[in-house]
Amino acid sequence: MGANDIPHRRAHIAAEAAEWAVRLQSETSVEMRGEFVDWLRESPLHVAEMLRFAETAAALGDFTRWDEHISSLLPEAADDNVVPLSLYSTRPHPSSPSSTPVRKLLRHTALLAASIGVVAVGALFVSRYLGDIVITTQQAERREITLADGSVVNIAPDSSLRIHLTSTERAVALDRGEALFHVAKDKHRPFVVTSDRTQVRAVGTAFSVERQRDGIVITVAEGVVAVTPKNSAENAVGAASSVISLRANEQLSVSTSGVTSRPHTIDGHAEFAWAESQLIFENNSVAEVVRRFNSRNRLQIRILDPSLASRPVSGVFNASDPQSFVSFLEAAAGAKAVTVTPREILVGAPSEQDTPSPAH
Amino acid sequence: MAHGVENKMLGRSAGKLADWFGELRGPLRRFLALRRRVPRGDVEDIAQEVFLRLLRYDRAELVSDPKAYLFKIANNVASEWTMRARQRFPHNSDWLAEVPPAAGPQEDWERETHEVALHTALQMLSPRAREILRLHFNEELTYESIAQRMQVSRRIVKREIVRSYSALRASLDHERSSSDAPIVRRASK
């Protein structure tokens, strides 16, 4: 997940933008336009690349030196048909994006290989502590491990969990932070995540559990999980001891005092984006966004102005680039940022009193 | 192949691709003119803002004509950005004013550097790829006509456009990033 990925991703998105332009040129059904809108609304990068395409298209339209290029084209277009193709494919520009299927495949393979590398390291790490495994991630450290049963756990920064695998049960205790579980199917060994005495039970599914200061949040990506909130016997409230089933794209929170929210629908794509190092927000408060960034990075953002902290934000950010969020606050909300140390940025109030509406 | 040039002089109506270009020559014009003069980071911010506004629109409304909305919003953001930039750099207000494209020596110079960059980038492509780009973007022929003229399938025409664009985008970006941060350096060259 080095800096190398970013140009590749950009190049990939650029090609996607061109594909959209080409598709929308010929035929446009409502479905296609809908897909295009969804694509645009997936990421600001998509918007940026679409605008760039438009820019280049206009520049090509205005280009005045076409004749110089035409002269290099042989008059016998038919003969030309074969040669340039091989020419084109055998001498790619050094920095040209790799958009051919083969290249794509190679890239995916490389990515896969990279993730297997991570998994392999994780597996080694796990085997050493057979029995009760304790995994702790530091700030800005994300870890993905594969358990002996084939389940994959994606651990967010600043998290700690204990894993106990037996022949009858797969038990995970989340003591701190957040983890996303892709549970391998095994009917005979339920996968149970416990956090703050709330149990989440799954057979084969994908879900995340986040332990926050004031409770835990369970989010399901695929399948169904059964949540048993804190035992009512220990609770004065004595209400919700029953099991709640939570489906894909649903979320539930259990507060430290044992109060359980009703399951509500969420955007799973946004919720799990952190596992792919993206942070997606829609009307989250600046404070919440900052909390997310701070847990993932050494560079810490501090919002000094309470009204700024409570303003809603929408957007997609690179989780490892808190500076981009600060710049965004400066540009969109007129905030003033001061870099105090290489590890800390202070963000103050906008110069003029703004209405507390979303960033304009 | 001189008809390409003639065609351009005759204008671009002739029932061709009213599509991208209809919108491009209209509301997006100012955005594009402005875009050449703002640092790359700012453009990313503009896209970010366009994105946020797209999220706020009703999906059904956007679906009715997504491109028109995209360009309209981009244009709005760009104009607001112009005003904001004017406040930020009062002494620079002249070059960020709503100038029509291609006015003044600054504009000519910008255009010239842009042309050179594009020229260089186009040379990286195969003759066939260049010809397809020219027929599509400059002569504004449909895929069908290009396919007939080049004696290839429509599918190949489309694929070639996407590929060539990707290659152009990469080499233009390469140049931009190597001569971007130092806008000052570019000017002093």
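Residues numbered from 1 in each chain as written. Chains lettered and ligands numbered in written order. Predicted model: local features only at pLDDT ≥ 70, side-chain atom pairs only at ≥ 80, totals over all residues. Heavy atoms only, no water.

Student: Explain the nonpolar core residue by residue, including any values.
Tutor: The biggest cluster of nonpolar side chains holds 95 residues, and the ones touching the most others in it are Met 50 and Phe 325 of chain A. The next biggest cluster of nonpolar side chains, apart from the first, holds 28 residues, and it includes Ile 135, Val 153, Leu 161 and Val 254 of chain A. (Core = buried A, V, L, I, M, F, W, Y, C linked by side-chain atoms within 4.5 Å. Buried < 20%, exposed > 50% of the residue type's maximum accessible area, 1.4 Å probe, protein only.)

Student: Pulling in residues and values, what's your account of the packing of aromatic side chains?
Tutor: Enumeration over the complete set of coordinates arrives at 13 aromatic pairs over all chains. Where Tyr 57 of chain B meets Tyr 69 of chain B, the ring centres are 5.3 Å apart and the plane angle is 65°; that geometry is what we call edge-to-face. In this pair, Tyr 57 of chain B is assigned in the loop between helix H4 (40-56) and helix H5 (59-64) and Tyr 69 of chain B in helix H6 (residues 66-88), connecting sequence segments 12 residues apart. The class for Tyr 69 of chain B is buried, based on a relative accessible area of 15%. Put simply, the rings of Phe 293, Phe 317, Phe 325 and Phe 328 of chain A pair up and form one aromatic cluster. (Phe/Tyr/Trp six-rings, centres within 6.5 Å; stacked < 30°, edge-to-face > 60°. Helix = DSSP H or I, 4+ residues; strand = E, 2+ residues; numbered from the N terminus.)

Student: Break down the environment of Glu 61 of chain B for me, citing the residues and quoting the values.
Tutor: Looking at the secondary structure, you find Glu 61 of chain B in helix H5. A polar atom in the side chain of Glu 61 of chain B sits 3.1 Å from the side chain of Tyr 69 of chain B. (Polar contact = N/O pair within 3.5 Å; in protein donor to acceptor, adjacent residues only side chain to side chain.)

Student: Which residues make up the sheet that holds strand E15 (residues 300-303) of chain A, and what are the values?
Tutor: Residues and elements named next belong to chain A. Strands sit in the order E15-E18-E17 across an open sheet of 3 strands; the sheet is mixed. Taken across any chain shown, the strands that pair with only one partner, and hence form the sheet edges, are E15 and strand E17 (336-341). Averaged over all pairs of adjacent strands, the angle between their axes in this sheet comes to 25°, without regard to strand direction. Where E15 and strand E18 (residues 344-348) come together, 4 bridges link them in parallel fashion. Across the sheet, Ile 303 pairs through a bridge with Val 347, a residue of E18. (Pairing = 2+ DSSP bridges. Axes fitted to C-alpha atoms, helices over the stretch in contact; angles between N-to-C directions.)

Student: Explain unusual backbone geometry residue by residue, including any values.
Tutor: Residue and element names in this part refer to chain A. Phi at Asp 158 takes a positive value of approximately 60°, unusual for a residue other than glycine. The topology assignment puts Asp 158 in the loop between strand E3 (152-155) and strand E4 (160-165). With relative accessibility at 32%, the residue Asp 158 sits in the partly exposed group. Unlike most non-glycine residues, Asp 196 shows phi in positive territory, near 50°.

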